[in-house]
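# Coordinate analysis (summary)
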Amino acid sequence: MSTITIALSKGRIFEETLPLLAAAGIVPLEDPETSRKLIIPTNQDNVRVVIVRASDVPTYVQYGAADLGVAGKDVLFEHGGAGLYQPLDLNIAKCRMMVAVPAGFDYDNAVRQGARLKVATKYLKVAREHFAAKGVHVDLIKLYGSMELAPLAGLADAIVDLVSSGGTLKANNLVAVEEIMAISSRLVVNQAALKLKREALEPILAAIAGAVKE
Ligand code: PRP
């Protein structure tokens, strides 16, 4: 039986993928929240889970270092999807990609006036395409986290970030002014593995597909 490596990130994606893996009879033997191990064995001898940064999941799967993985649409959009088969929206880790500004900043008016906006984000491609499609002039500032701080500290006029409960925006006196896209996580599969390990992979993919909730 071929060895199957599944790339997951810690947190919501790991937790919300667990029931889908369970449907395929796969149970990781350790929890990445408490274990420092990056390779986690499962109850199946030929299946293991590797724990990587969310934005690195597509890269591991693209190069075949993992056969399959779970990645958010935000991450997949930035990666571009080369070498990845994306058969399934898993309907998990749902949130929204939004433009947000400090409360009191008249975003619509600034856009109408043709203002040039400084926008801080981790999602350069998403932001570039969004503002280009709207004809809004922006200077994009790449950040790696805590985007909400940028307008408060005077680094940017607006941010493009993920919003889930809205709690982080609220706590920092920011408001969402535009939705760019709805986000959920997708299953990604290495295209070569799909052919070479078909026998081992197909039942896993079918069981996961059967367990996806609408
Ligand atoms: C995400 C996102 C927001 C926050 C939104 O950050 O970047 O900061 O969650 O969630 P909320 O609407 O429920 O408050 P995360 O905690 O994943 O950390 P990150 O900055 O590393 O992306």
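Just so it is clear, the structure is predicted and the values come from calculations on it, not from any experiment.

Thresholds, definitions, all that
Residues numbered from 1 in each chain as written. Predicted model: local features only at pLDDT ≥ 70, side-chain atom pairs only at ≥ 80, totals over all residues. Heavy atoms only, no water. Helix = DSSP H or I, 4+ residues; strand = E, 2+ residues; numbered from the N terminus. Contact = heavy atoms within 4.5 Å. Areas by Shrake-Rupley, 256 points an atom, 1.4 Å probe, with all protein chains shown as cover. Lys, Arg positive; Asp, Glu negative; His and termini not counted. Charge placed at Lys NZ, Arg CZ, Asp CG, Glu CD. Near = heavy atom within 4 Å. Polar contact = N/O pair within 3.5 Å; in protein donor to acceptor, adjacent residues only side chain to side chain. 1 Å grid on protein atoms, 1.4 Å probe; cavity = no way out; pocket = protein on both sides within 12 Å on 5 of 7 lines; lining within 4 Å. Sits in = over half its atoms within 2 Å of the grid points. Nonpolar A, V, L, I, M, F, W, Y, C, P; charged D, E, K, R; others polar. Domains from an automatic or database assignment. Buried area = accessible area lost by both parts, 1.4 Å probe. Salt bridge = Lys/Arg side-chain N within 4 Å of Asp/Glu carboxyl O. Buried < 20%, exposed > 50% of the residue type's maximum accessible area, 1.4 Å probe, protein only. Axes fitted to C-alpha atoms, helices over the stretch in contact; angles between N-to-C directions. Parallel < 35°, antiparallel > 145°, perpendicular 65-115°, else oblique. Left-handed = near helix turned anticlockwise from the far one by under 90°. UniProt positions renumbered as here; feature names shortened; annotations may be inferred.

Assigned secondary structure in the protein consists of nine helices and eleven strands. Taken along the three principal axes of its C-alpha coordinates, the protein extends 60 × 35 × 30 Å. Long-range pairs, those at least 24 residues apart, make up 65% of the contacts in the protein between residues at least 6 apart in sequence. For the protein, the exposed area adds up to about 10800 Å²; of that, 51% sits on carbon and sulfur atoms. When the 23 positive and 23 negative side-chain charges of the protein are each reduced to one mean point, those points stand 2 Å apart.

It is worth spelling out the site of the ligand at this point. As a structural note, the neighbourhood of the ligand is formed by Lys122, Gly145, Ser146, Glu148, Asp161, Leu162, Val163, Ser164, Ser165, Gly166, Gly167 and Thr168. Measuring from an oxygen atom of the ligand, one finds a side-chain N or O atom of Lys122 at 3.0 Å. Note that an oxygen atom of the ligand is positioned 2.7 Å from one of the backbone N or O atoms of Gly166. The fraction of the free accessible surface of the ligand (500 Å²) that becomes covered by protein chains is 60%. Of all the cavities here, the one that holds the ligand is the largest pocket. Put simply, the parts of the chain that give the shell around the ligand at least two residues each are β9 (158-163) and α7 (167-171). With three residues, the single largest contributor to the shell around the ligand is β9. Residues belonging to the shell around the ligand are distributed by class as follows: two nonpolar, seven polar and three charged.

To continue, consider the domain arrangement of the protein. Along its sequence, the protein is organised into domain 1 (4-93 + 184-211) and domain 2 (95-182). One C-alpha centre belongs to domain 1, the other to domain 2, and the line joining them spans 30 Å. Tallying the contact residues gives nine residues for domain 1 and twelve residues for domain 2. For the pair domain 1 and domain 2, the summed buried area comes to about 790 Å², and 53% of that belongs to carbon and sulfur atoms. At the junction of domain 1 and domain 2, the tally comes to zero salt bridges. Connecting domain 1 to domain 2 are five residue pairs in polar contact (both at pLDDT 80 or more). With five residues, the top contributor of residues to the side of domain 1 that touches domain 2 is helix α3 (residues 73-79). Tallied by class, residues from the side of domain 1 that touches domain 2 come to two nonpolar, three polar and four charged.

Now for the pattern of salt bridges. A pair can form between side chains of opposite charge whenever their charged atoms are brought close. All told, the structure shown has eight salt bridges when counted by the stated rule. Salt-bridge contacts for Asp89 lead to Lys73; the nearest nitrogen and oxygen are separated by 3.1 Å. Of this pair, Asp89 sits in strand β5 (residues 84-89) while Lys73 is found in helix α3, placing the two residues 16 residues apart along the sequence. What makes Asp89 partly exposed here is its relative accessible area of 27%.

Contact pair helix α1 (residues 12-23) / helix α9 (residues 198-211): the axes reach a minimum separation of 7 Å and the direction vectors enclose 120°. Compared by their axis directions, α1 and α9 come out oblique. Crossing geometry of α1 relative to α9 is assigned as right-handed. Side by side, α1 and α9 meet where Leu20, Leu21 and Ala23 of the first sit next to Ala207, Ile208 and Ala211 of the second. A breakdown of the residues in the contact of α1 with α9 according to their chemical character gives six nonpolar, no polar and no charged.

A separate point is the UniProt feature "domain: ATP phosphoribosyltransferase catalytic" (unreviewed entry) in the protein. Under the present numbering, the feature "domain: ATP phosphoribosyltransferase catalytic" (unreviewed entry) in UniProt falls on residues 53-209. The span residues 53-209 shows a helical share of 36% and a strand share of 32%, and its end C-alpha atoms are spaced 24 Å apart.

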